[in-house]
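Read off the chains here:
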Amino acid sequence: MLDKALKGSRGYWGWLFFLMGIMGAGFLAYLYQFKNGLGVTGLSRDISWGLYIGQFTFLVGVAASAVMLVIPYYLHDYKKFGKIVILGEFLAISAVIMCMLFIMADMGQPMRVMNIFLHPTLNSVLFWDTVVLNGYLFLNIIIGWITLESDSKGIKPPQWIKPFIYLSVPWAVSIHTVTAFIYAGLPGRHFWLSAIMAARFLASAFAGGPALLIILALLVRKLTKFDPGKEPIQALGKIVTYAMFANVFFLGLEFFTAFYSGIPAHQHSFHYLYAGLDGYNKLVPLMWTSSILAVVSLFLLIFPSFRKKEGVLAFACVSLFISLWIDKGFGLVIGGFVPNMFERVTEYWPTIPETIITLAVWATGFFVLTVLYKIAVTVREETAGIEIEH
Amino acid sequence: MSINRREFLRLAGVSALAGVGGVAVFNKLQNNALEASEFTAGPNALNAKRWAMVVDMSKFKTPEDYKRCMDACHSTHNVPNFSNPKDEIKWIWPEKFEHAFPGQENPYMNEETKEKSFLLLCNHCDNPPCVRVCPTKATFKRKDGIVMQDMHRCIGCRFCMAACPFGARSFNYRNPRGKDANGQPLIKEENAAYPTRTIGVVEKCTFCTERLAVGKLPACVEVSNEFSKGGLVFGDLDDPGSEVRKIISAKYTIRRKSEIGTQPSVFYVIGGNDYAIVPEIL
Ligand code: SF4
Ligand code: SF4
Ligand code: SF4
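Predicted, not measured: the structure shown is a model, and the values here were computed from it. (Residues numbered from 1 in each chain as written. Chains lettered and ligands numbered in written order. Predicted model: local features only at pLDDT ≥ 70, side-chain atom pairs only at ≥ 80, totals over all residues. Heavy atoms only, no water.)

Asker: In this structure, what is going on with the pairing of strand 3 (residues 117-121) of chain B? I would like to understand it.
Answerer: Successive side chains on a regular strand alternate, one facing one side of the sheet and the next facing the other. Residues and elements named next belong to chain B. Of all five residues that make up strand 3, five are buried, and the element is covered over most of its length. Every second residue of strand 3 is oriented toward a common face, with Ser117, Leu119 and Leu121 on one face and Phe118 and Leu120 on the other, all of them buried. With five bridges joining them, strand 2 (residues 92-96) and strand 3 adopt antiparallel strand pairing. Note that in strand 3 the partner of Ile92 across the bridge is Leu121. (Buried < 20%, exposed > 50% of the residue type's maximum accessible area, 1.4 Å probe, protein only. Helix = DSSP H or I, 4+ residues; strand = E, 2+ residues; numbered from the N terminus. Pairing = 2+ DSSP bridges.)

Quick look at the structure:
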């Protein structure tokens, strides 16, 4: 099926070359970082994780969100998702690839990455995260490929793929739960040390991921002859609404616990993020942008009459995605490091090489996504009108 | 010259027989892929079930006293001086009370404690989160309680830095063997008897395992004995007769963030009687 990715319009090739340009710039920036060390980033002794790990965390959520299509379709027999389930699975593949690249970019000694497998350490959450992410990548590649191949031949997918599909459901939940455990199990980091962290992660993932899928589905309709359909997009819109509501609610719970209990250590990070601490407030404008976008998107999503208009839905999804990206891809990680272990404030801001590398990883993700979507869309165009059944 | 583990053990055995001890072996092995953590104990090695330190800041009088301890550690262990807080590497350093023991300060406490600087270092926790999270076992706890690292295994993921509640760990953001902006080497005078580190790995205080192996006290403790008695005291927490235990049982000591359960092995004397005049332990 790969050959389908090799025949495309000028726009398609132009887009791919554009992405390759960014990837090339990122590669050069990475060589620079590789040679001079992570000192070329904004990271410091106090804020030892930053943009890279934030993006990683955010994208694990995007990857996990494929399950929001898989569950209704395979477990609840919601046939309308039949044509777009593949879009979710392929999005998951590119998201996991980005996650892995971000981990590599963040590593001080990337050449030694195999040590994770040479010296498997069962008590390390990071070890488990590596295992479940690789497993999830494998599951989505095999499920996506086999089902799409069957579709293109107009036959039902083989029975043996079913167990893999069912397995992918708890597996998706596991990747984001384990990622939350990286944070939620650290003594002394009060901002992260919260039992609701994994639940918050899942809620934001199930809002942000499907929101991105809606945007992608609308783009696919606009740019190709394949129409994912009005109803599946509306169904996704409902999922986004509920999940976003849960996400905002969970964040509210965090605020309540921190501020009603009155424990200073639990409040410091919130103070830093939303109001500034000891005169340091670099992240405040970003966090308020995130909050405002969250409220706006939620307002537009809650009323069905707004949500039903696709233009409004798209706007709401873009706002929501940006809001969650700031909150989880940046604020969550940095907030946990402020104040530091001595209750002093050190601030962080990504440097130019760090930003270029980050953009390049996203470009790589979009490259993979474009190629995979090209294949999926071509298959859908060829089999237009034929009812597919998995 | 490359050398494998068996060769190393043979060499160590021979030199131990010859009474040369570990340091000589270590000198030989300089610049090889050998770990400080694999240091073989010599015949005079100091041993303990659980090494611990008692820090009594009242014995430190001048800024010079602090500096001597820090310099002793950092020069012995080839700790580079980046002279900026972002890339900074430090194994032992001073902090005021409110930063050393956040949450313990109050607005009315006596000026002396409030203004006093406390020397901080890795606590060699009995229940160390840094060990728990390390995905490669590069950070591990020895039988004698010392939390050590294998610099050749560390992948530089910095999970241990996020996990350490005491900010005890530093990362080599830049090449520690390099030069600063003025062309000066970051390690002023390299101590050939101790390995330098590579870029991209995490490091911290080791309780001077390389010195214990040849029967010496940690460098900071040794130096502190030159100007104070009992400023820094090192010993076996498991031995009721050890000096550290005697002090801890006689005086009021606190540990950093003891409420989070990592069980630090570094104790800070806060006021109380001078143990030298407590009759029962004399
Ligand atoms: S002080 Fe930090 S680095 Fe040292 S043992 Fe405890 S947790 Fe680990
Ligand atoms: S940075 Fe090194 S020592 Fe720390 S957790 Fe990662 S591999 Fe282990
Ligand atoms: S015990 Fe050794 S390594 Fe630790 S601070 Fe003292 S001199 Fe440095």
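Asker: Sorry if this is basic, but what is going on with the site of ligand 1 here?
Answerer: The full set close to ligand 1 counts 13 residues, and Cys122, Asn123, Cys125, Cys130 and Cys164 of chain B are the nearest of them. Residue composition of the shell around ligand 1, grouped by class: nine nonpolar, two polar and two charged. (Near = heavy atom within 4 Å. Nonpolar A, V, L, I, M, F, W, Y, C, P; charged D, E, K, R; others polar.)

Asker: Would you take a moment to explain the packing of aromatic side chains for this structure?
Answerer: Two measures describe an aromatic ring pair: the distance that separates the ring centres and the angle between the ring planes. Under the definition given, this model contains 43 aromatic pairs over all chains. With a centroid separation of 5.3 Å and 70° between ring planes, the pair formed by Tyr12 of chain A and Trp13 of chain A is classed as edge-to-face. The structure contains a cluster of three or more aromatic residues connected by ring pairs, namely Trp49, Tyr183, Trp192, Phe201 and Phe337 of chain A together with Phe159 of chain B. Here the basic side chain of Arg45 of chain A rests over the ring of Trp93 of chain B, its NZ or CZ set 5.1 Å away from the ring centre. The ring of Phe171 of chain B is capped by Arg158 of chain B, whose NZ or CZ atom sits 4.9 Å from the centre of that ring. (Phe/Tyr/Trp six-rings, centres within 6.5 Å; stacked < 30°, edge-to-face > 60°. Lys NZ or Arg CZ within 6 Å of the ring centre and 35° of its normal.)

Asker: Is there a simple way to think about the interface of chain A and chain B in this case?
Answerer: How large an interface is tends to be reported as the accessible area lost when its parts come together. At the junction of the two partners, chain A supplies 41 residues and chain B supplies 47 residues. Roughly 3,500 Å² is buried in total at the junction of chain A and chain B, and carbon and sulfur atoms are behind 53% of that figure. There are two salt bridges connecting chain A and chain B. Close ionic contact of Arg344 of chain A with Glu95 of chain B constitutes a salt bridge, the shortest N to O distance being 2.7 Å. Where chain A touches chain B, the interface holds 33 residue pairs in polar contact (both at pLDDT 80 or more). (Contact = heavy atoms within 4.5 Å. Buried area = accessible area lost by both parts, 1.4 Å probe. Salt bridge = Lys/Arg side-chain N within 4 Å of Asp/Glu carboxyl O. Polar contact = N/O pair within 3.5 Å; in protein donor to acceptor, adjacent residues only side chain to side chain.)

Asker: Looking at this structure, I do not really get the pattern of salt bridges. What am I missing?
Answerer: Opposite charge on two side chains lets them pair, provided their charged atoms get close. Tallied over the full model, the rule gives 25 salt bridges over all chains. For Asp126 of chain B, the salt bridge goes to Arg50 of chain B, with nearest N and O atoms at 3.7 Å. Of the two residues, Asp126 of chain B sits in the loop between strand 3 and helix 6 (129-133) while Arg50 of chain B sits in the loop between helix 2 (22-29) and strand 1 (51-55), which places them 76 residues apart along the sequence. Judged by relative accessible area, which is 34%, Asp126 of chain B ranks as partly exposed. On the accessibility criterion, Arg50 of chain B (16% relative accessible area) is buried. With its nearest N and O atoms 3.9 Å apart, the salt bridge here joins Glu115 of chain B to Lys96 of chain B. Of this pair, Glu115 of chain B sits in helix 5 (residues 111-115) while Lys96 of chain B sits in strand 2, and the two are 19 residues apart along the sequence. Look at Glu115 of chain B and you get partly exposed, because its relative accessible area is 46%. One connected set of salt bridges, linked through shared partners, spans Arg221, Asp227, Lys230 and Glu310 of chain A.

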